[in-house]
Amino acid sequence: MAETTKQDRGDVLAGRLPQSGINLRQLLSSQAVGMLLVLLLLIAVLAAFNPNVISPLNLRLILLDAALVGIVACGQTFVILTSGIDLSVGSMVAFTGVLVAGLMTGKGFASPDNMNLPLVAPAIAVPLAIAIGTLYGTLQGLIITRLKITPFIVTLGSLSILQGLALVLSNASPVQSLPSELRWLVQVRDLPLPMPAIIMLLVYFVAWLVLRYTKLGRYAYAIGGNETATRLSGVKVDRYLVGIYSLSAFLASLAGVILAVRLDSGNYTNGETYTLNGIAGVVIGGTSLAGGVGGVWGTLIGVLIMSVVTNALVLFNVPSMWHRVVVGLIIVGAVALDAIRKRQRTT
Amino acid sequence: MMQALSAQQAGATPANVETFLLEMRRISKTFPGVNALREVDFDLKPGEVHVLLGENGAGKSTLMKILAGAYQKDSGEIIFKGREVSFHTPKEAQDAGIATIYQEFTLIPHLSVTENIFLGDELMHGRSPVLNWPAMHRKAAEVLSALHVTIDPRVPVRTLGVAKQQMVEIAKALHHEADLIIMDEPTSALSLREIDDLFEVIAELKARGVGIIYISHHLDEVHEIGDRVTVLRDGQRVSTLPVKDTTVDQLIGMMVGRSLSEQFPKVPAPRGPEVLRVENLSRDGVLHDISFSAYAGEVLGIAGLVGSGRTELARAIFGADRITSGQIYLDGQPVQINSPADAVDRGIGLLTEDRKQQGLVLSMSVGNNISLAALGRLMRRFVVNHRKEATVANDYVQSLRIRTPSLSQQVAFLSGGNQQKVVLSKWLATNPRVLIFDEPTRGIDVGAKVEIYNLINRLAAEGMAILMISSELPEIIGMSDRVLVMHEGRVAGILERDQISQEQIMTLATGTGNGNGGNH
């Protein structure tokens, strides 16, 4: 090893290498920073037309609106990092909402009013509903990894299954009048931020730590970047994928419970838009649909951008029929952006 | 359709250009970190076989990919049939009459020979939208018989052996009126008899005025079929000569630019105790009854033709593919290896043949790639110890002399040799007992190759057992203490150091030694 080869000019291999660079992308990818600027610019432009946009009340409203879809999108970020997708999260929100509401009120469960079911205390009903939702996610992960079916198909099936279960369990009508002990979950007054937003930020902070400091986080990037190479490096890829689909289901279940409390209703329509809006947030935030690149802070910003746009449509009196059209356009735009970024990365 | 077979170039070549079918002048091409080609000249006459020689990474494939429209040249000019051309896509080159026969075929396995040959310009019944099968089958049979090969044009391509598939590729090229056929290592998967058949077809093509660029590693083939030979080294043309004026030794000298001992700095290390023993290992249809041992301090070369089961053997030992029967022993103890994770736990590492697809996570940094397999050892409970990770990665960057601006550099931007060192670092971080290298120097610059060889020697000297799979005989001969030769999924023989020679290996690899010649 003593001799120096012709090509070696020693230009880059000095004694020390910068070490801080590792994982900097996970902290704040340049894309996340870029999207933060877009968010601020968007707010500034909107505020120039309508100062109400930046009123404290409106900003809190935007955050509240972003909170639950944000929690869902956080789990989705992990899934998309592995180059998978979870289309079942919206239905999971509905399912767990109906489930938790039904457990606590004894209503619904395919047999209205006359069943005299024992009421389950919130302290048990909430963890139980979330556990059942998470378990479903585990099952999904097992089907994806063991039977080697693409996540798209498995979670598309679940989208229908879970919504169907929500319909069956609720007997197709809202399950209402949830116990008031849980109202603190959606408290807005007398707090620096609405409670759901606080929970969301907490979720993102923990998710960031998980991505940066745990094997699961590192392997999520590795699996999305090159699943074969990761497997051939001795990583138990299937085990981590199951964990990640469970995590996504867990966060969707958490959002489902909070949404049911917030609406005081478990309904099969809860969270209908969360899957699409959440994926949009992930992609706008710079996580590539091809996997391996991205992070949760970008998703947070992406979700906020979606929320600001929806909020602005309301403030500027755009008829609500148009909202979905706009959301769809943003999603297509974000995916196009992803394709362009990918081309730049590879050339 | 058949003009290409009957009337050749007449009229296609304007008089002011002399007899050249193709002239490539001062072609240059740069990839990030690599000067792939520097001012390379290359030409070809109709009816000529021009052999292109050079080591892996010398620039042969790059030059041919530029000609075939797969890559774009940075500078230089290409004159084909008297006109300056620049192909932006492989389709453009094909339409102009340049066909490439790759090592991996581009046929569609479930379609018939006829369907493959006519894919994209099917014959119709008159102007109707109905396919004229009788006419297509007849014409396909004509093309095939013009090549003196007997293949039923109605059978699906997948039922044909490799050699016949290659003939179908050539027939397809002829059908598309190719004036120039690039053959990239056409004999690498063929038995000796099939090679003879191919050479007859090549002679037939020559007689019809088709120009052939023939890429090969096998020097003995040069004199058998070549008219002229061009040698490339490190992206530059060394020389172009009539084949009859050259000797094999001279060609080797031009290819490597240094003596064999300089190129393969083999340091024989004393053979230590047995580390790995494989007994009667089989995998249905792929590997049959394989037994051998590997010892600490030795490099066991694994040779064989493409498709002989070398990579499959590595994957089976590594747990990437299930084995049907057989037993693996490490340090004399029987072990169960059901997954790569088991193999890594037991101290086995595999540097795959295809770095980018199977070895690296290109979207991740150099540092994260190095730590990927050993991340479990770099944890403080459930938390990745970033400082320790960086220290370990940094150690390997320095001791393996990986040229990278920083640990956070995306590994995709490193050169082939440095990428290979990153993969090697990944395995060294797991502290392996056995390292399997599958084509360790494929796509790597000549200079970096020597570095990889030195690393392999160093690891063997440190007591590791090394298995080295290679298609390059000089590499196998130059680096191995012993050579295991495979043929059709079986061990054809194991050669001790003093028995290793090109002839010995080829005899075993082609199965000609014991009379069971490689027919399908």
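All values reported here derive from a predicted model rather than from experimental measurement.

Conventions and cut-offs
Residues numbered from 1 in each chain as written. Chains lettered and ligands numbered in written order. Predicted model: local features only at pLDDT ≥ 70, side-chain atom pairs only at ≥ 80, totals over all residues. Helix = DSSP H or I, 4+ residues; strand = E, 2+ residues; numbered from the N terminus. Rg over C-alpha atoms; globule rule 2.2 N^0.38 Å. Buried ≥ 20, exposed ≤ 12 C-beta atoms within 10 Å, placed from the backbone. Contact = placed C-beta atoms within 7 Å. Pairing = 2+ DSSP bridges. Axes fitted to C-alpha atoms, helices over the stretch in contact; angles between N-to-C directions. Core = buried A, V, L, I, M, F, W, Y, C linked by C-beta atoms within 7 Å. Domains from an automatic or database assignment. Parallel < 35°, antiparallel > 145°, perpendicular 65-115°, else oblique. Left-handed = near helix turned anticlockwise from the far one by under 90°. Nonpolar A, V, L, I, M, F, W, Y, C, P; charged D, E, K, R; others polar.

K.L.:
Could you clarify how one ought to interpret the overall build of chain B in this entry?
P.N.:
A tally of regular secondary structure across chain B gives 18 helices and 22 strands. By the compact-globule yardstick of 24 Å for 520 residues, chain B fits well, its C-alpha radius of gyration being 25 Å. Dimensions of chain B, computed from the C-alpha atoms along their principal axes, are close to 75 × 50 × 45 Å. When each of the 520 residues of chain B is scored for burial, the buried share is 50%. Sequence separation of 24 or more characterises 68% of the internal contacts of chain B that already satisfy a separation of 6 or more.

K.L.:
I keep staring at the sheet that holds strand S21 (residues 482-487) of chain B and nothing clicks. Help me out?
P.N.:
Sheets are built from strands paired through backbone hydrogen bonds, the pairs being either parallel or antiparallel. Residues and elements named next belong to chain B. Across the sheet, 6 strands lie side by side as S16-S19-S20-S13-S21-S22; this open sheet has mixed pairing. Two strands bound the open sheet, and with one partner strand each, they are strand S16 (348-351) and strand S22 (490-496). Here the strands of the sheet are splayed against their neighbours by 20° on average, with no regard to which way each runs. With 5 bridges connecting them, strand S19 (residues 434-438) and strand S20 (residues 465-469) associate as parallel partners. Each bridged residue has a counterpart across the sheet, and for Leu-435 the counterpart in S20 is Ile-466. Strand contacts of helix H18 (residues 502-509): strand S13 (299-304), S21 and S22, with the helix running at about 30° to S21, the strand carrying the most contacts.

K.L.:
How should I be thinking about the nonpolar core in this particular structure?
P.N.:
In globular proteins that are soluble, nonpolar side chains generally tend to be buried together. In this structure, Val72(A), Ile456(B), Ile466(B) and Leu467(B) are the most contacted members of the largest nonpolar core, which totals 191 residues. The biggest single contributor to this core is helix H10 (residues 237-263) of chain A, with 18 residues. For this core, the domains that each give at least three residues are domain 2 (263-347 + 432-509) and domain 3 (366-424) of chain B. The contact partners of Ile466(B), leaving out residues within four places of it in the chain, are Val299(B), Leu300(B), Leu435(B), Phe437(B), Ile456(B), Leu459(B) and Ala460(B). Within the second largest apolar cluster, 63 residues are counted, among which are Val51(B), Leu52(B), Ile170(B) and Leu205(B).

K.L.:
What is the right way to read the sheet that holds strand S14 (residues 325-330) of chain B from this model?
P.N.:
All names here are of chain B. Spatially, S12-S11-S14-S15 is the arrangement adopted by the 4 strands of the open sheet, whose pairing is antiparallel. The open sheet has two edge strands with one neighbour each: strand S12 (287-295) and strand S15 (333-335). Sheet twist, expressed as the mean angle between neighbouring strand axes with direction ignored, is 20°. Pairing between S14 and S15: 3 bridges, direction antiparallel. Along S15, the bridge assignment pairs Ile-328 with Val-335.

K.L.:
Is there a simple way to explain the pairing of S21(B) in this structure?
P.N.:
Residues and elements named next belong to chain B. Across the 6 residues that make up S21, a large majority, 6, are buried. Where burial is concerned, the two faces of S21 agree: the one with Arg-482, Leu-484 and Met-486 and the one with Val-483, Val-485 and His-487 are both buried. One ladder, built from 6 bridges, connects S21 with S22; its direction is antiparallel. Across the sheet, residue Leu-484 finds its bridge partner in S22, namely Ile-494. Hairpin connection from S21 to S22: 2 residues lie between these consecutive antiparallel strands, with Glu-488 at a positive phi of about 50°.

K.L.:
Which parts of the structure should I look at to understand the packing of helix H4 (residues 89-105) of chain A against helix H6 (residues 151-170) of chain A?
P.N.:
When two helices pack together, their arrangement is given by the angle between the helix axes and by the axis-to-axis distance. All names here are of chain A. Between H4 and H6, whose axes approach to 8 Å, the crossing angle comes to 25°. On the basis of their axis angle, the class for H4 and H6 is roughly parallel. Crossing of H4 over H6 shows left-handed handedness. In this structure, H4 contributes Ser-91, Met-92, Ala-94, Phe-95, Val-98, Leu-99 and Gly-102 to the contact, and H6 contributes Ser-158, Leu-159, Leu-162, Gln-163, Leu-165, Ala-166, Leu-169 and Ser-170. Residue classes in the contact of H4 with H6 are distributed as 10 nonpolar, 5 polar and no charged.

K.L.:
Help me out: how do you make sense of helix H8 (residues 215-225) of chain A in this one?
P.N.:
In an α-helix there are 3.6 residues to a turn, and that puts residues three or four apart on one side. For H8(A), a buried count of 10 out of 11 residues is recorded, marking the element as mostly surrounded by other parts of the structure. On its buried side, H8(A) packs onto helix H3 (56-81), helix H7 (195-213), helix H9 (227-231) and H10 of chain A together with helix H13 (366-371) and strand S18 (383-384) of chain B.

K.L.:
Would you explain the environment of Asp238(A) in this entry?
P.N.:
By secondary structure assignment, the location of Asp238(A) is in helix H10. Residues Asp238(A) and Lys148(A), spaced 90 residues apart in sequence, show a C-alpha to C-alpha distance of 10.0 Å.

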